[in-house]
Amino acid sequence: MAQSVTSMIRHPDDVDPLETRDWLESIDSVLRVHGAERAHFLLERMIDHARRSGAYLPYSPNTAYLNTIPTGHQPEYPGDRSLERRLEAYIRWNAMAMVVAANRKSSEYGGHISTYASSATLYETGFNHFWRAPSEKHGGDLVYIQGHSSPGIYARAYLEGRLSEDQLKHFRQEVAGPGLPSYPHPWLMPDFWQFPTVSMGLGPMMAIYQARFMRYLKHRGILDTDDRKVWAFLGDGEMDEPESLGAITMPVREKLDNLVFVVNCNLQRLDGPVRGNGKIIQELEAAFSGAGWNVIKVLWGGRWDPLLAKDNKGLLRRVMEECVDGDYQNFKSKSGAYTRENFFGRYPELKAMVANMSDDEIWRLNRGGHDPIKVYAAFDAAMRHTGQPTVILAKTVKGFGLGKAGEGQNISHQQKKLDEDDLKAFRDRFHIPVSDEEIAELPFRRPAEDSEEMRYLRERRAELGGSLPQRRISGGTVALPPLFMFMTLLEVSW
Amino acid sequence: MALVRMLTTLMKDKNIGKHVVPIVPDEARTFGMEGMFRQFGIYSSVGQLYTPQDADQLMAYREDTKGQILEEGINEAGSFCSWLAAATSYSNHGVPMVPFYIYYSMFGFQRIGDFIWAGGDMRARGFLIGGTAGRTTLAGEGLQHQDGHSHVLASTVPNCRAYDPTYAYELAIIVHDGLKRMYAEEESIFYYLTCMNENYVQPAMPEGVEEGVLRGMYRLREGGRGKVRVQLMGSGTILREVLAAAELLEHDFNIPADVWSVTSFNELRRDALATERWNTRHPDAKRRVSFVEQSLADVEGPFIAATDYMKIVPDQVRQWVPGRFVTLGTDGFGRSDSRAALRNFFEVDRHHVVLEALKALADDGALDVSVVVDAMRRLEVDPDKDDPVTL
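Reading guide: rules and limits
- Along each chain, the written sequence defines residue order, and numbers are assigned to residues from 1.
- Throughout, the order in which chains and ligands are written sets their labels, letters from A for the former and numbers from 1 for the latter.
- Residue-level local features of this predicted model are given only where pLDDT is at least 70; pairs of side-chain atoms are given and counted only at 80 or more, and the full residue set underlies all totals for whole chains, interfaces and linings.
- Note: side-chain values were computed over all heavy atoms of the structure, leaving out hydrogens and water.
- Strands here mean DSSP runs of E at least two residues long; helices mean DSSP runs of H or I at least four residues long; both are numbered from the N terminus.
- A radius of gyration in this sense is built from C-alpha atoms; the matching globule rule multiplies 2.2 Å by the number of residues raised to 0.38.
- Note on definitions: a residue-residue contact is assigned when non-hydrogen atoms from the two residues lie within 4.5 Å.
- The method behind every accessible area is Shrake-Rupley, applied with a 1.4 Å probe, and residues are considered shielded solely by the protein chains displayed.
- His is not counted, nor are the chain ends, whereas Lys and Arg count as positive and Asp and Glu as negative.
- The atoms used to mark charge sites are NZ of Lys, CZ of Arg, CG of Asp and CD of Glu.
- Two strands pair if DSSP finds at least two bridges between them.
- The axes are straight lines fitted to the C-alpha atoms, using for helices just the contacting stretch, and the angles between their N-to-C directions are given from 0 to 180°.
- A helix is expected to span 1.5 Å for every residue after the first.
- Only protein chains enter the accessibility calculation, which uses a 1.4 Å probe. A residue is then buried if its area is under 20% of the maximum for its type, exposed if over 50%, and partly exposed in between.
- Polar contact is defined as a pair of N or O atoms within 3.5 Å, subject to the rule that within protein one atom must be able to donate a hydrogen and the other to accept it, and that residues adjacent in sequence are counted only when both atoms are side-chain atoms.
- Patch membership requires over 30% relative accessible area and the absence of a salt bridge. Like charges are linked within 9 Å, and nonpolar side chains (Val, Leu, Ile, Met, Phe, Trp, Tyr) within 5 Å.
- Any Lys or Arg side-chain nitrogen found within 4 Å of a carboxyl oxygen on Asp or Glu counts as a salt bridge.
- Roughly parallel means an angle under 35 degrees; roughly antiparallel, over 145; roughly perpendicular, 65 to 115; everything else is oblique.
- Here is the rule for handedness: rotate from the far helix to the near one, and if that takes an anticlockwise turn smaller than a right angle the crossing is left-handed, while a clockwise turn gives right-handed.
- Three residue categories are used. Nonpolar comprises Ala, Val, Leu, Ile, Met, Phe, Trp, Tyr, Cys and Pro, charged comprises Asp, Glu, Lys and Arg, and polar comprises the others, including Gly.
- These domain limits were set by an automatic method or by a database of domain assignments.
- Buried area: the accessible area, evaluated with a 1.4 Å probe, that two parts lose upon being put together, summed over both parts.
- Here, nonpolar core means buried Ala, Val, Leu, Ile, Met, Phe, Trp, Tyr and Cys residues that are tied together by side-chain atoms lying within 4.5 Å of each other.
- Between the rings of Phe, Tyr and Trp (Trp by its six-membered ring), a pair exists once the centres lie within 6.5 Å; its type follows the angle of the planes, with under 30 degrees stacked, over 60 edge-to-face, and the other angles tilted.
- Handedness of a crossover is defined as follows: with both strands directed away from the viewer, a clockwise route from the first strand across the helix to the second makes it right-handed.
- The arc in question is the one spanned by the directions pointing from the helix axis to the C-beta atoms.

**Some details on the overall build of chain A**
If you tally the helices and strands in chain A, you get 22 helices and 5 strands. Taking 2.2 N^0.38 as the reference for a compact globule, 494 residues should give roughly 23 Å; the C-alpha atoms of chain A span a radius of gyration of 25 Å, in line with that estimate. The dimensions of chain A, computed from C-alpha atoms along their principal axes, are 80 × 75 × 40 Å. The contacts in chain A between residues at least 6 apart in sequence include a share of 75% that link residues at least 24 apart. With an accessible surface of roughly 21,100 Å², chain A has 52% of that area assigned to carbon and sulfur atoms. A gap of 1 Å separates the mean positions of the 61 positive and 66 negative side-chain charges of chain A.

In structure tokens form, the structure reads like this:
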């Protein structure tokens, strides 16, 4: 069990490990016998007691640089992993292809591949398992989609048959034909996009107040909004906008458990690392947990689980803490061999731990935000959590899957031109059925209508009430009082 | 404020009442809305867990889970996000809501303009009420508070209809039409209305002004007969200075003046641009005439316009005014003083309107320039006064 492993780990600042172990074992036993609530009570009582006795105990809002949900607490995954992986691969390909194709016509069009590449699994987990469309059974969840990930959302809508190939071919070419807007703009796609989430920082604040407004509608007896959630997808770089964090105490005060923030922490902003010399996830954890949110960190993918289980001396955890985001970004821009030397190589025992792993296996040690099982666990926990808003801090790789063309590189955000070798590497990585002869044409691809993949795609969305995003154009009318009602009131001077 | 009376009427209406969402950023007392606290309640998800200090008073601070007012605290961005949620409720919840966000006009477009732009994008429907508006009307609050440009900024949002009305009946006509367009006809537009905290007598609605109020201008006062005449236009509180100037011109200078209430230079410009565009693209068709041209077709100029906003606001219609056109506005940084002092400082008071009218007539060759020079003495206009834009 996780606790018995952690109680054996020696902390670098520990002056009396034996005494520490006694205390930890006591807590282990409380956890086993009475559960987490009792353990929490005792720990809080001890801290309070020490403070009342005059001790200065600085408050730390941070937890270890590990997943909040231990592996043993992950729910069973309800989806078909292999079909979902296939579908996600098609969506990734089409999203990439629409940006690259537009920029072959003209670099004027611009576009961003790497944001969606980093967040595809986050979105797909939501689309496949969580987000309910408005239907007769349900009022529908409201999903604030991160503006820069629009190509991936279009690519999914294309698979679902909601957008045509012609529309995809006209990404960012709206004037003459069936084009698609750069970002979510209800003005330009009134039956599709609901929330304009660019410029950055608008989404988080709008989402918070939307969640509160839904409570207002319910409390005033106007509309039952229970069981509907507001999901806001944000970027870690975007969190630097003052509006992003400016209103985070309100949903705590209002106990808005209908609100979920998902911060896609790909560690990169437009020009470089978000916090090269620190850890953006830890900084955000402190801000949100300090404000009173339920914070769920999704840092490490399942391939790390066996290594963490073997980490008896806590060295792996120590290196995880020691490395800054600049390092983490750099590892993903390099290779398994580089990671072996510069991450595991920091301690001989760690290097030994991965000695029997190939460079390729080290390279494939995945981040939490790219592991559907970890992401599902976090989303599921957010759905069940009551009394507080939840923020999910998902660690990802900017430009995931772009390889040499932009994975984890400082230029990722601007990358919109892939050469033929890059395209082939992308195709091979995601097993897209495009031949060498065809690849230069950048064809869009979707599985055959009657394939297992397409059936699954349709079933999942049917189960959740229909497609998303979708925007209702007409919302009904209100009967108005006649003008004279105002006038009789206003004739008096004042 | 007349707006508050209208809001209260609306909230009591059996149909639309419950759809109304009044939103304030901690300025309800500034706008005279505190009477609504007890009547409609301030929304609180937990009700009220304490006895308010003023519980025994008529205007007690009453919080309630069923409260209708969203009191957002000193927080314009958050207040506006509440407005956005309510203004798009028709789409996101299938329930049209009618939000009125009432705030210091300076802290809207200027402070949270990007959110408002997003509101246009997301087809928000509702009312933004810029309270305590006007650079010289909000007298004491000084440089950071006195708004002379929110109408300029409002003009940048394509689906924002902006009005600077003077009288309660104008406001009533505009709000009523706005309700019809947004909540009966489901147009994706929203309204920006400036309201002032200056008290003055509210006349009854003259006959047949509705169309003019909505399209942007109507003749409020017809001057007497005379050899020359001027057309004076005014908006908001400054319309009252313009009316006073008309009296001065007639009584002291024997020059008849017609006075136009211009409720929206922004709307006049949009209409004129659209008309002109149509004419350009239909060169062989019968020429269409914009509303501002129609209104001024048979009148004798010159034309003088004065507002509590920057000169660029009336300047918007310059190319369609059939004659010499002089605009007065409040360009420059605001400062604290009385309304009278500020209107003199910014050169938008009745004396400056008279002076500009006489000067325009002289420039047109209809008056001798000595009349202007003489008038400056009588009107106490200092020729060496510094330009307010530079101060």
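Continuing now.
**Here we look at the sheet that holds strand E13 (residues 325-328) of chain B**
Residues and elements named next belong to chain B. Pairing in this open sheet of 5 strands is mixed, and the strands run E9-E11-E10-E12-E13 from one edge to the other. What marks the edges here is a single partner per strand, and that holds for strand E9 (217-221) and E13. With direction set aside, neighbouring strand axes in the sheet form an average angle of 25°.

**Structural notes on helix H18 (residues 372-384) of chain A**
Residues and elements named next belong to chain A. Across its 13 residues, H18 extends 18 Å between first and last C-alpha, which sits within 8% of the 18 Å expected from 1.5 Å per residue. For H18, the set of buried residues is Pro372, Lys374, Val375, Tyr376, Ala377, Ala378, Phe379, Asp380 and Ala382. Capping of H18 at its N-terminal end is provided by Asp371; its side-chain oxygen lies 2.9 Å from the backbone amide nitrogen of Ile373.

**Re a negative patch on the surface**
All names here are of chain B. Taken together, the side chains of Asp382, Asp384, Asp386 and Asp387 define an acidic patch exposed on the protein surface. Tracing the sequence through the fold places Asp387 in the segment after helix H15 (369-378). Owing to a relative accessible area of 41%, Asp387 belongs among the partly exposed residues under this scheme.

**Digging into the packing of helix H4 (residues 81-105) of chain A against helix H5 (residues 114-129) of chain A**
Residues and elements named next belong to chain A. Where H4 contacts H5, the axes come no closer than 10 Å and their chain directions differ by 135°. When the axis of H4 is compared with that of H5, the two are oblique. As H4 packs across H5, the resulting crossing turns out to be right-handed. When H4 is examined against H5, the residues Glu84, Glu88, Ile91, Arg92 and Ala95 are found in contact with a partner set consisting of Tyr116, Ala117, Ala120, Thr121, Glu124, Asn128 and His129. Among the residues forming the contact of H4 with H5, the class breakdown is 5 nonpolar, 3 polar and 4 charged.

**Focus: the domain arrangement of chain B**
Residues and elements named next belong to chain B. For chain B, the assigned domains are domain 1 (2-33 + 69-131 + 149-194) and domain 2 (210-390). Here the C-alpha centroids of domain 1 and domain 2 sit 29 Å apart. Across the boundary between the two partners, domain 1 contributes 22 residues, which contact 22 residues of domain 2. Around 1,800 Å² of area is buried between domain 1 and domain 2 when both sides are counted, 55% of it from carbon and sulfur atoms. Counting the contacts that link domain 1 with domain 2 gives 1 salt bridge. For the salt bridge of Arg161 with Glu267, the shortest nitrogen-to-oxygen distance reads 3.0 Å. If you look at where domain 1 meets domain 2, you find 14 residue pairs in polar contact (both at pLDDT 80 or more). Elements with a contribution of two residues or more to the side of domain 1 that touches domain 2: helix H6 (150-154), strand E7 (160-163) and helix H7 (168-184). Considered class by class, the residues forming the side of domain 1 that touches domain 2 number 12 nonpolar, 6 polar and 4 charged.

**Remarks on the nonpolar core**
Side chains of a nonpolar character, in soluble globular proteins, are inclined to be buried together. All names here are of chain B. If you look at the biggest cluster of nonpolar residues, it comprises 106 residues, and the most contacted ones within it are Phe100, Phe127, Leu232 and Leu249. Take this core: its biggest share by element is 10 residues, from H7. Counting residues domain by domain, this core receives three or more from each of domain 1 (2-33 + 69-131 + 149-194) and domain 2 (210-390). If we skip the residues at most four places from it in the chain, Leu232 touches Val242, Ala245, Ala246, Leu249, Ala257, Asp258, Val259, Trp260, Ile304, Val353 and Ala357.

**Structural notes on the packing of aromatic side chains**
Under the defined criterion, the tally for this structure stands at 49 aromatic pairs over all chains. Note on Tyr123 of chain A and Phe233 of chain A: the rings are 4.4 Å apart at their centroids and 20° apart in plane angle, and the pair reads as stacked. You can see Tyr123 of chain A sitting in helix H5 and its partner Phe233 of chain A sitting in strand E2 (residues 230-235), a full 110 residues away along the chain. Neither Tyr123 of chain A nor Phe233 of chain A differs from the other in exposure class; each is buried. Measuring from centroid to centroid gives 4.5 Å for Tyr101 of chain B and Tyr103 of chain B, while their planes differ by 25°, and the two rings are stacked. By relative accessible area, Tyr103 of chain B is classed as buried at 1%.

**A closer look at the pairing of strand E6 (residues 127-131) of chain B**
All names here are of chain B. The buried fraction of E6 is high, at 5 of 5 residues. Across the two faces of E6 the burial is the same, with Phe127, Ile129 and Gly131 and Leu128 and Gly130 all buried. As judged from the 5 bridges shared by strand E5 (residues 98-104) and E6, these two strands associate in the parallel manner. The residue of E6 that forms the bridge with Tyr104 is Gly131. With helix H5 (residues 109-121) bridging E5 and its parallel neighbour E6, the resulting β-α-β unit is right-handed. As paired strands, E6 and strand E8 (residues 190-194) are joined by 4 bridges and run parallel to one another. Within E8, the position partnered with Phe127 by the bridge is Tyr191.

**Observations concerning helix H14 (residues 325-333) of chain A**
Residue and element names in this part refer to chain A. Among the residues of H14, those classed as buried are Asp325, Tyr328, Gln329, Phe331 and Lys332. One side of H14 holds all its buried residues, which, seen down the axis, span an arc of 155°. Buried-residue contacts for H14 involve helix H11 (280-291), helix H13 (315-322), helix H15 (336-342), helix H17 (359-363) and strand E5 (390-395).

**Quick word on the interface of chain B and chain A**
One frequently used descriptor of interface size is the decrease in accessible area upon assembly of the parts. On the side of chain A, 51 residues touch chain B, which itself brings 65 residues to the contact. Between chain B and chain A the total buried area reaches about 5,400 Å² when both faces are included, carbon and sulfur atoms providing 63% of it. Viewed at the interface, chain A and chain B are joined by 1 salt bridge. With its nearest N and O atoms 2.3 Å apart, the salt bridge here joins Glu72 of chain B to Arg212 of chain A. Linking chain B with chain A are 24 residue pairs in polar contact (both at pLDDT 80 or more), by the criterion used here. Contributions of two or more residues to the side of chain B that touches chain A are made by helix H1 (2-12), strand E1 (20-24), helix H3 (76-87), helix H4 (89-92), H5 and H7 of chain B. At 10 residues, the largest contribution of residues to the side of chain B that touches chain A is made by H7 of chain B.

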